[in-house]
Amino acid sequence: MRDNYCTGAECLTPDEEAQRDHRESDEPGLPGPVRQYNQLLEALPDAMVVVDQGGKILYINALLSALFGYAKKELLGRNLETLMPERFRTRHRKNIAEYMSQPRFRPMGIGLELYGLKKDGTEFPIDISLSYLTTDETLVAMAAVRDITERKNIERKAELNYRIQKAISSVLKISLEPISLDDQMNRVLELILTVPSFAVNTRASIYLTESG
């Protein structure tokens, strides 16, 4: 693997070469406002994509290219639906038509369940904020995209821990009720199967053993 790329007196590291190729592949037909803020969009801490009123991708920054696993030239001119799972695409067409008819700022963290689709087919949870730019003749939408896989994993673990603790508390209450041991075991078994990590297997048994 080569460590750098040299041409004439210029030597670039692989990262610098990728950034150069990203800059050189800018869409020449970019609307003025997007072209004007090109460097700012590249400097933002989020993956950014700019689309026209039909959802065609006009611009992506290097972070979005890395997040989805595409080279910039692979996405320019393609529909934004390329970056989302199939099941969301019909709804997306309606959403983008509605947004372009009434453009507005939409922040992240409003509770929508959104997923991105990487080039290798991997789906991952994302959060998106929307904004727009207009000129006399052009309206474009800009989306900032964040991968929230880590946040979702933390939320799932917290929810599972809560459900487990709640189940343990309920088991202790059942053990104190004046009912037969068989009834207690059946109720405990039903309770355990409501915990998400156990819910995949809908058949289970509890075995009691005496000492020895």
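Figured I'd write up the structure that's included with this text. Being a predicted model, the structure only gives us computed values, none of them experimental.

## Observations regarding the side chain of Asp 52
Working step 1: In this fold, Asp 52 is placed in the loop between strand E3 (47–51) and strand E4 (57–60).
Working step 2: Polar side-chain contacts of Asp 52 include one of 2.8 Å to the backbone nitrogen of Lys 56.
Working step 3: When near neighbours in sequence (up to four residues on either side) are disregarded, Asp 52 contacts Leu 58, Ile 96, Met 100 and Leu 139.

## Description of the pattern of salt bridges
Working step 1: Going through the model one piece at a time under the given rule, you end up with 10 salt bridges.
Working step 2: In this structure, Glu 123 and Arg 87 form a salt bridge, with 2.8 Å as the shortest nitrogen-oxygen distance. With Glu 123 in strand E6 (residues 123–134) and Arg 87 in the loop between helix H5 (72–75) and helix H6 (89–101), this pair connects stretches of sequence that are 36 residues apart.
Working step 3: The exposure class assigned to Glu 123 is partly exposed, which follows from its relative accessible area of 38%.
Working step 4: Residue classification places Arg 87 among the exposed positions, given a relative accessible area of 53%.
Working step 5: Here Arg 187 makes a salt bridge to Glu 177, at a shortest N to O gap of 2.4 Å. Separated by 10 residues along the polypeptide, Arg 187 in helix H8 (residues 181–192) and Glu 177 in the loop between helix H7 (149–175) and H8 bring together distant segments of the chain.

## What to know about the pairing of E6
Here is the key point about a regular strand: its side chains alternate between the two faces of the sheet.
Working step 1: Where strand E5 (residues 114–117) lies against E6, four bridges are found, and the strand directions are antiparallel. Its bridge partner lying in E6, Tyr 115 is registered against Pro 125.
Working step 2: The hairpin turn running from E5 into E6, its antiparallel successor, is five residues long, and Gly 121 in that turn takes a positive phi close to 90 degrees.
Working step 3: Of the pairings in the sheet, the one linking E6 to strand E7 (residues 139–147) comprises nine bridges and is antiparallel in character. Considered in E7, the bridge of Ser 129 is made with Ala 144.

What counts and what doesn't
- Residues numbered from 1 in each chain as written.
- Predicted model: local features only at pLDDT ≥ 70, side-chain atom pairs only at ≥ 80, totals over all residues.
- Heavy atoms only, no water.
- Helix = DSSP H or I, 4+ residues; strand = E, 2+ residues; numbered from the N terminus.
- Polar contact = N/O pair within 3.5 Å; in protein donor to acceptor, adjacent residues only side chain to side chain.
- Contact = heavy atoms within 4.5 Å.
- Salt bridge = Lys/Arg side-chain N within 4 Å of Asp/Glu carboxyl O.
- Buried < 20%, exposed > 50% of the residue type's maximum accessible area, 1.4 Å probe, protein only.
- Pairing = 2+ DSSP bridges.

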